[in-house]
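Descriptive analysis of the structure
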Amino acid sequence: MHLLSASCLGALLTAIIYQVSGLETVIGLYGETLEVPCNKGAAKPKDFFITKWKYDKGAGNSGDLLVQQNDLNVTIAASTEYKGRVSMAENSSLLISAAKLSDQKTFTCMVVAGGDITEYPVNVLIHKAPSGLEISEKAEELEIGKLTKLGNCSAQAANPAANIIWFKNRKPLVADGKAIVIHASVQVDPITGLSTTSSTLQYSAEKGDTDAQFTCGTEHAVGAEQVSSPVTFTVTYPTENISLRVISEGPLTEGDNVTLKCVADGNPAPTSFDFHIKGEVVKVENSDTYTLTDVTRDTTGEYKCALTGDAKLEASTNITINYLDMNLSLSGKILKNAGEALALTLQVNASGEPKVSWSKGHVKIDKQPNFDKLTYSDSGYYECKVAMGSLRQKASFELVVKGAPVISQLSKQRSGKYKVLICEAEGSPKPAVSWSVNGTSPDETFVNGKITHRIFVEPTANLTVSCTVYNELGQDTKAINVSSLLGENVRMDKQDQSDDSDKTKLVVGIVVGLLLATVVIGAVVYMKKSKQGSWKTGEKENGSSEEEKKLEEKVEENSQKAEV
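Everything numeric in this text was worked out from a predicted model, so none of it was measured.

A few words on the overall build of the protein chain. Check the secondary structure of the protein chain and you find three helices and 40 strands. By residue count, 35% of the 564 residues in the protein chain fall in the buried class. For the protein chain, the share of sequence-separated contacts (at least 6 apart) that also reach a separation of at least 24 residues comes to 59%. Total accessible area computed for the protein chain in this model is approximately 33,600 Å², and 50% of it derives from carbon and sulfur atoms.

A word on the state of the cysteines. Under the defined criterion, the tally for this structure stands at four disulfides. Covalent S-S linkage joins C38 and C109, the inter-sulfur distance amounting to 2.0 Å. Given an S-S torsion of about -70 degrees, the disulfide between C38 and C109 has left-handed geometry. Placement of the pair is C38 in the loop between β3 (34–36) and β4 (48–58) and C109 in strand β9 (residues 106–113), with a sequence separation of 71 residues. A relative accessible area of 5% means that C38 is categorised as buried. Its relative accessible area of 0% is what places C109 among the buried residues. There is a disulfide in this structure between C153 and C216, and the S-S distance comes to 1.9 Å.

Bringing the sheet that holds strand β11 (residues 133–136) into the picture now. One open sheet holds the four strands; their spatial order is β11-β13-β17-β16, and the pairing between them is antiparallel. Each end of this open sheet is capped by a strand with a single partner; those strands are β11 and β16 (180–188). Strand after strand, the sheet turns through a mean of 20 degrees between neighbouring axes, direction not considered. Note: β11 against strand β13 (residues 148–158), four bridges, orientation antiparallel. Bridge pairing in β13 places I135 opposite C153.

Turning our attention to the side chain of T148. Residue placement: T148 occurs in strand β13. When its relative accessible area of 17% is taken as the criterion, T148 is described as buried. A polar atom in the side chain of T148 sits 3.1 Å from the backbone oxygen of K146. Beyond its immediate sequence surroundings of up to four residues, T148 is in contact with A139, E141, L142, L201, Q202 and Y203.

As summarised here, the arrangement of the three strands in space is β3-β8-β7, forming an open sheet in which the pairing is antiparallel. Single-partner strands in this sheet number two, and they are β3 and β7 (86–88). Strand-to-strand twist across the sheet, computed as the mean angle between neighbouring axes with direction ignored, equals 25 degrees. Note that β3 and strand β8 (residues 94–96) share three bridges and pair antiparallel. What sits directly across from V36, in β8, is L94.

To continue, consider the confidence of the model for the protein chain. The predicted coordinates ought not to be read in detail in places where the model reports low pLDDT. Residues at a pLDDT of 70 or more form 82% of the protein chain, whose mean pLDDT is 83. Counting contacts from residues 1–21, a segment whose pLDDT is below 50, to residues more than four positions away or on other chains yields 26 contacts. Every residue in residues 492–508 scores below 50 in pLDDT, and together they form one contact with partners more than four places removed in sequence or on other chains.

Next up on the list: the pairing of strand β34 (residues 391–415). Within a regular strand, side chains alternate between the sheet's two faces. Direction of pairing for strand β29 (residues 332–337) relative to β34: parallel, over a ladder of six bridges. Among the inter-strand pairings, K333 is bridged to a residue of β34, identified as E398. Two elements, β34 and strand β35 (residues 418–428), share 10 bridges in a ladder whose sense is antiparallel. Within β35, the position partnered with Q409 by the bridge is E424. The turn joining β34 and β35, which pair antiparallel and follow one another in sequence, is formed by two residues; a positive phi near 65 degrees is taken by G416.

Tallying each qualifying case throughout the model produces 17 salt bridges. Its salt-bridge partner being D265, residue K207 comes within 3.4 Å of it at the nearest N-O pair. Remark: D265 occurs in the loop between β22 (258–264) and β23 (272–277) and K207 occurs in the loop between β17 (195–203) and β18 (214–219); sequence separation between them is 58 residues. Given a relative accessible area of 22%, D265 falls into the partly exposed group.

In terms of nonpolar packing, the biggest core is built from 27 residues, with W53, L65, L94 and F107 touching the most fellow members. Elements represented by at least two residues in this core include exactly β3, β4, β5 (61–69), β7, β8, β9 and β10 (116–127). Counting 22 residues, the second largest nonpolar core, distinct from the first, contains A155, A212, V231 and Y237.

Residues N267 and P268 are joined by a peptide bond in cis, for which omega reads 0 degrees. By the secondary structure assignment, P268 is in the loop between β22 and β23. A cis geometry characterises the amide bond from S428 onward to P429, with omega recorded as 0 degrees. The phi dihedral of E137 falls on the positive side, at around 55 degrees, and the residue is not glycine. Within the secondary structure layout, E137 lies in the loop between β11 and β12 (141–143). Since its relative accessible area comes to 52%, E137 is described here as exposed.

All right, on to the environment of P268 then. The exposure class assigned to P268 is exposed, which follows from its relative accessible area of 62%. Here the alpha-carbon distance between P268 and T236, two residues 32 residues apart in the chain, equals 6.2 Å.

Reading the values: rules and limits
Residues numbered from 1 in each chain as written. Predicted model: local features only at pLDDT ≥ 70, side-chain atom pairs only at ≥ 80, totals over all residues. Heavy atoms only, no water. Helix = DSSP H or I, 4+ residues; strand = E, 2+ residues; numbered from the N terminus. Buried < 20%, exposed > 50% of the residue type's maximum accessible area, 1.4 Å probe, protein only. Contact = heavy atoms within 4.5 Å. Areas by Shrake-Rupley, 256 points an atom, 1.4 Å probe, with all protein chains shown as cover. Disulfide = S-S within 2.5 Å. Pairing = 2+ DSSP bridges. Axes fitted to C-alpha atoms, helices over the stretch in contact; angles between N-to-C directions. Polar contact = N/O pair within 3.5 Å; in protein donor to acceptor, adjacent residues only side chain to side chain. pLDDT = per-residue confidence, 0-100. Salt bridge = Lys/Arg side-chain N within 4 Å of Asp/Glu carboxyl O. Core = buried A, V, L, I, M, F, W, Y, C linked by side-chain atoms within 4.5 Å.

This is how it looks when you write it as structure tokens:
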């Protein structure tokens, strides 16, 4: 206003209408350039004469900042507070650099255009996000059921003051005055005017908080939400429950080492336990395990553990040691005589139900062998196996049934030009075989005390051949008649000649009979023709019907002879 002459200003004040617009609010960021729009950023009117910026100094006073007349250069009229920090944009907006909290006031843009003077007041607010967010003064540990100061969260140098929220596993904690207590305070920097918010969390922990992550975050008008780095705490609580475990793997068997582990749910875990071992109390310190070495079936039973000094917290478990014993009444090599009896017994002592299997000569058999009356076929290698779970036992014996050899059969067969003599006998040890004649291509088998011996002979005369079998226990002999191959061939030739003669006689008889039958049939035909001739002439035929009948009977008789 001081740029106008007094006479002009007086004329304008008598001619114009004074207008004031509604109050507008602009938010600027702390430390950055603030733009305050004139008339909400509208373009300058074509007939504008003067644009002037001023600010409210309080107590009804105002201070000038900038003035521009027509399109002339902007004149700076700012005092020391804004000197060097203010300028005017092309659209008449006020630009304030390095915004600070003292800039929170009302700035007014006055425009003189045509015959009007219009003012556009703008309220300015300066915001600043917190510069740091962290949890400090952290507790060393949390105790279940005890309200403990968990930590302090600070949001520094903000405007307006930040609001702090506590989180557990990303879920907000709401103060209830009992298990969750939150105290917040705000301090304002006397120089900058910025606020620092501090929030203290008191928390009563639960067992599930052992691995819980605690954070704090801010809600602010400027910028994104900020969250501190997570922190965790050791949660302590007394032992309420105890258990006793067997940590050895698999079914327990004799000779194993068995480890007992006493488990308590307290934190920190107890370090001293009392183990009750077969009526004896063994105190273990700085460990929660006790090992039973080289256990036996007598180790089976109930075992207990308890906290040292607190017998009420006690746990127990049962241990079963598996075992398997077998006793076979026979072993090694056994020699017995054929026909005798042999007792075989198997005794099994086990902690469970065992499975028994038998084999002879490594071939499985269905059941335990019975030797009420031994035979040579009972000889062999026997093995018994007993199994229960992972436990295995086995025993074996070899049975040899012996006896003096006895010939069961002596036989002969013909094979081409040879006679095959077969001697079969039973005995053990294996008998030797001898013949009273020399033979060729001897062949012999011996299975389960049975021997079969064959020889080939070519007898030229009738013989009596004997077979002798013998071993260290005795011998046996049998004989068989063997006919000459030559005599058998002569008899076969005579038989063949007799057969040929009989066949010749039969053929001759058939031919003669057929000739006689032909002659008789011819005579009958001739007589019938002669009879027909007499009838035609009316003469009586010689002979009678009786003679014809006799003749026919004779022909039939001759025919039968011819067939024979």
